[in-house]
Amino acid sequence: METHIPERISDFVNNGELDCEMIYVESEHSALSAALGSSAAGVRSYTATSSQGLALMFEILHIVSGMRLPVVMSVANRALSAPINIWNDHQDSMSCRDAGWIQLYVESAQEAVDTTIMSFKIAEDHSVMLPVMVCLDGFTLSHVFEPVDIPDQSVVDKFLPKFVPVFRLDTKNPKTFGPIGYPDVFMDFKKQQQDAFAVSAGVIKKVASDFNKSFGRSYGDGIVEAYELDDAKYVFVGLGTICGTARVVIDKLRKEGKKVGMMKLKCFRPFPDKAIVDALKKADAVAVFDRAVSFGQKGPVFSEIESAFCDESKKPVIHSFIAGLGGRDVKLDHIELAFNRIIKEKSSITEWLL
Amino acid sequence: MINALPERELFAPGHTACAGCAAPMVARTILKVGGPDTIVCNATGCMEVFTTPYPRTSWEVPWIHSAFENAAAVASGVDRALKKLGTRDNTNLVVLGGDGGTFDIGFGALSGALERGHKFTYVCYDNEAYMNTGIQRSGATPKYANTTTTPAGKKIHGKSEFTKQLPFIVAAHGAYVATANIAFLQDFANKLKKSFAFNGPSYIQVFAPCPTGWYHPTDQTVEIAKLAFKTNVFPLYEIENGVLTLNRKPPQQVPVEDYLLKQGRFKHLTKEEIAEIQQHVNSDWERLVKLEESKLKIF
Ligand SMILES: Cc1ncc(C[n+]2csc(CCOP(=O)(O)OP(=O)(O)O)c2C)c(N)n1
Ligand code: SF4
């Protein structure tokens, strides 16, 4: 809660510019619990967190998704302690990737605003009913100022109509929310969640395309975004603001005649394996940049992209780069170095860009 | 049936509580007083487990459970959502938690919700341990009680600490506070009514024996609850606008031994330990009587 997000929302509310109820909770665990309660009562519910706060919410993340409550939450991605550190990486949200939330990563403040608006529409779609995390890089986006266009309320209202819950806590139509599920029913609930994820990919794309029609802005197809990818032999893969840095490097190397490009992974959950294979299958080599690590394994994005290719007869050499943990700068040089490495290396490497 | 309470049952039978469990009496009374315009936010614990084995439910009002320690926070969200929807005024919002979910792990969420002043009635059904997970000690477990984590061993004789004085801690937040007992349902009902009318947070702690965890015969639940009152082990009081009132005083105080020795969890007690408990009960009682007489605004 210590980002500019709740501070600015408090300004909106206290200046009468936003008609909402704000609950100033005593902990992030209670923040998500209160959002759970308000969503179940039938109102659109939102919260924001970061790092240790997200870790504290872990228990409730699973409950919100299991109860199919379409809460939207901004996560200002920051490192997890110890050592305690307040800077950017993706360890917090990556550690929650199995919590049943759609995860969308953004590159700019504008994309954060736009994705937040889209997220409500995705989450509240009756064929989805899953919570959404909008993951924006801590500090790089959450504590740095850049101009954004905040769309007119009337245009947003047209794009995003009033929230219609499937069920709500209604004394005229009483329902039991959150009962105990014995082994004979539990797994069926989990299967329904998984099925909803399968449906959500199509909804995310449709919402992204509708958004483009209403607001004239797009971020790929809402799932992945390509940059100089068509004829690229060497491809950078990343999430969030690091993609902005990669664009500059790609422009430079292209001028030098190198066939480099980028696939920005916007949607990490549902994991778009088909879209990834389609985007990368023509490449010779891929550099996956993870700003998180699965200890005892490799970078989480790297591992999942690897497994997306397991059934493919032709696949690029996929390399793993662990970079930018706890706010360590990922500079133009790092990405250029990575490109030069993957142009040379014949088999997969894992590199920590220390 | 209890005086002036509706016949209509909104708490359905067929739940899976143990025989002789007091907790269903708590739920049933809440719904009789609250009526159909009640929403219940339940913490994880026996009450949640025995009333909602999917797809069955005992709750004929909207009911929500999500975790062990967050029921007051969930209720905070429900409270504000109803306000936003414009339907807040008529609905009784009840939070229901066991003593573990209230005294221990849910204490932070409870304190936060009290401080924010949400209008709800928090009912703690106090069976003095974590019963759902197998009788582990809580902050509400009385001194020397034998639980699975404070066993009556040869060296250490059950729990080492006296009970946390939660009602006073809650009262310090400015809430309406009351204690109640399943042996005195009319008194509990009166306090529920008062809490529903109160424009702010309320907390009612209800003494609710658990034959499974206290090791007493299932037909002795109400008898033991009565003895808790007669011995002053669990006095019935209210703290309203910061002032304490004893609602009912036993005509003659019964020795704590009569209460303790009816329960297996205290059967290992020595004479000295019983005397220590007696002394503790007496001094607590004297404090309550003095507070009442003083009419002091404690908070
Ligand atoms: C965070 C967390 N820790 C532990 C549990 C397991 N658990 C479920 S109910 C319970 C005890 C409940 O005790 P209490 O609140 O006293 O209610 P009772 O079961 O006695 O009715 C525990 C430990 C849990 N659900 N969540
Ligand atoms: S263990 Fe105790 S509180 Fe739980 S259902 Fe049985 S008697 Fe009731």
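None of these values were measured; they are calculated from a predicted model. Residue numbers run consecutively from 1 along every chain, following the written order of its sequence. Written order determines the labels here, with chains lettered from A and ligands numbered from 1. In view of the model being predicted, local features appear only for residues whose pLDDT reaches at least 70, and side-chain atom pairs are presented and counted only at 80 or more, with totals across whole chains, interfaces and linings using the full set of residues. Side-chain numbers come from the whole structure's heavy atoms, not from hydrogens or water.

Draft legend 1. How the structure looks around the interface of chain A and chain B. What makes two residues a contact is simply this: any of their non-hydrogen atoms within 4.5 Å. Each side of the interface is counted separately: chain A has 37 residues, and chain B has 37 residues. Of the roughly 2,800 Å² buried between chain A and chain B, counting both surfaces, carbon and sulfur atoms make up 65%. By definition here, a salt bridge exists when the distance from a side-chain nitrogen of Lys or Arg to a carboxyl oxygen of Asp or Glu is within 4 Å. Our count for the contact surface shared by chain A and chain B stands at four salt bridges. Residue B:Lys84 pairs with A:Asp19 through a salt bridge whose shortest N-O separation is 3.3 Å. Polar contact is defined as a pair of N or O atoms within 3.5 Å, subject to the rule that within protein one atom must be able to donate a hydrogen and the other to accept it, and that residues adjacent in sequence are counted only when both atoms are side-chain atoms. Scanning the region where chain A abuts chain B turns up 14 residue pairs in polar contact (both at pLDDT 80 or more). Where helices and strands are cited, they refer to DSSP runs of H or I of at least four residues and of E of at least two residues respectively, numbered from the N terminus. Of all the elements in the fold, those that place two or more residues in the side of chain A that touches chain B are α2 (28–40), α3 (51–66), β5 (176–177) and α7 (183–215) of chain A. Per element, the largest residue contribution to the side of chain A that touches chain B is eight residues, and it comes from α2(A). All residues other than Ala, Val, Leu, Ile, Met, Phe, Trp, Tyr, Cys, Pro, Asp, Glu, Lys and Arg, Gly among them, are scored as polar; the first ten of these are nonpolar and the last four charged. Within the side of chain A that touches chain B, the residues separate by chemical class into 21 nonpolar, nine polar and seven charged. In this scheme, strands are said to pair when DSSP sees at least two bridges between them. As paired elements, β5(A) and strand β2 (residues 63–65) of chain B share two bridges and run parallel to each other. Buried area: the accessible surface (1.4 Å probe) lost by two parts on joining, summed over both.

Draft legend 2. Spatial organisation of the packing of helix α5 (residues 109–124) of chain A against α7(A). Residue and element names in this part refer to chain A. Axis definition: a line fitted to C-alpha atoms, over the contacting stretch in the case of helices. Angles run 0 to 180 degrees between N-to-C directions. It is at 10 Å that the axes of α5 and α7 come closest, and there the two elements cross at 130 degrees. Looking at the two axes, α5 sits oblique to α7. Every pair of crossing elements has a handedness; the one defined by α5 and α7 is right-handed. Of the residues in α7, those touching α5 at Asp114, Ile117, Met118, Lys121 and Ile122 are Val203, Ile204, Val207, Ala208 and Phe211. Classifying every residue of the contact of α5 with α7 by side-chain character gives eight nonpolar, no polar and two charged. Each angle gets one of four labels, with under 35 degrees taken as roughly parallel, over 145 as roughly antiparallel, 65 to 115 as roughly perpendicular, and the rest as oblique. Note on convention: the crossing is left-handed when the near helix lies turned anticlockwise from the far helix by less than a right angle, right-handed when the turn is clockwise.

Draft legend 3. Local environment of the nonpolar core. What is meant by a nonpolar core is a set of buried Ala, Val, Leu, Ile, Met, Phe, Trp, Tyr and Cys residues, joined one to another through side-chain atoms within 4.5 Å. Buried, partly exposed and exposed residues are distinguished by accessible area as a fraction of the type maximum, computed with a 1.4 Å probe on protein chains only: under 20%, between the cut-offs, and over 50%, respectively. Counting 118 residues, the largest nonpolar core has A:Leu61, A:Met263, A:Leu280 and A:Ile305 as its most contacted members. Residue contributions to this core peak at eight residues, all from α7(A). Residue ranges for the domains trace back to a domain assignment, done automatically or taken from a database. When residues of this core are assigned to domains, at least three map to each of domain 1 (4–215) and domain 2 (224–352) of chain A. Beyond its immediate stretch of four places on either side in the chain, A:Leu280 contacts A:Val235, A:Val237, A:Met263, A:Val286, A:Ile305, A:Phe309 and A:Pro316. Formed by 60 residues, the second largest nonpolar core is a distinct cluster that contains B:Val94, B:Val123, B:Leu185 and B:Ala208.

Draft legend 4. Local environment of the sheet that holds strand β9 (residues 267–269) of chain A. Residue and element names in this part refer to chain A. Pairing in this open sheet of five strands is mixed, and the strands run β1-β2-β4-β3-β9 from one edge to the other. Sheet topology places β1 (46–49) and β9 at the edges, where each strand pairs with a single neighbour. On average, adjacent strands in this sheet sit at an angle of 20 degrees to one another, irrespective of strand direction. Summarising the sheet, strand β3 (residues 102–106) and β9 pair through two bridges and their orientation is antiparallel. Residue pairing across strands places leucine 104 opposite cysteine 267, the latter belonging to β9. In this fold α5 packs onto β1, β2 (72–77), β3 and β4 (132–137), with an angle of close to 165 degrees to the strand it touches most, β3.

Draft legend 5. Fine view of the site of ligand 2. Residue and element names in this part refer to chain B. Proximity criterion: a residue is near a molecule or strand once any of its heavy atoms comes within 4 Å of it. The full set of residues close to ligand 2 is Cys18, Cys21, Cys46, Phe50, Asn127, Met131, Cys210, Pro211 and Thr212. Those elements that provide at least two residues to the shell around ligand 2 are α2 (46–51) and α8 (211–214). Considering only residue class, the shell around ligand 2 consists of seven nonpolar, two polar and no charged.

Draft legend 6. How the structure looks around the domain arrangement of chain A. Residues and elements named next belong to chain A. As far as domains go, chain A holds domain 1 (4–215) and domain 2 (224–352). A separation of 27 Å is found between the C-alpha centroids of domain 1 and domain 2. Joining domain 1 to domain 2, the criterion identifies six salt bridges. For the pair domain 1 and domain 2, the interface holds 17 residue pairs in polar contact (both at pLDDT 80 or more). Listed by contribution, the elements that provide at least two residues to the side of domain 1 that touches domain 2 are α4 (91–94), β3, α5 and α7. For the side of domain 1 that touches domain 2, the residue count by class is twelve nonpolar, eight polar and six charged.

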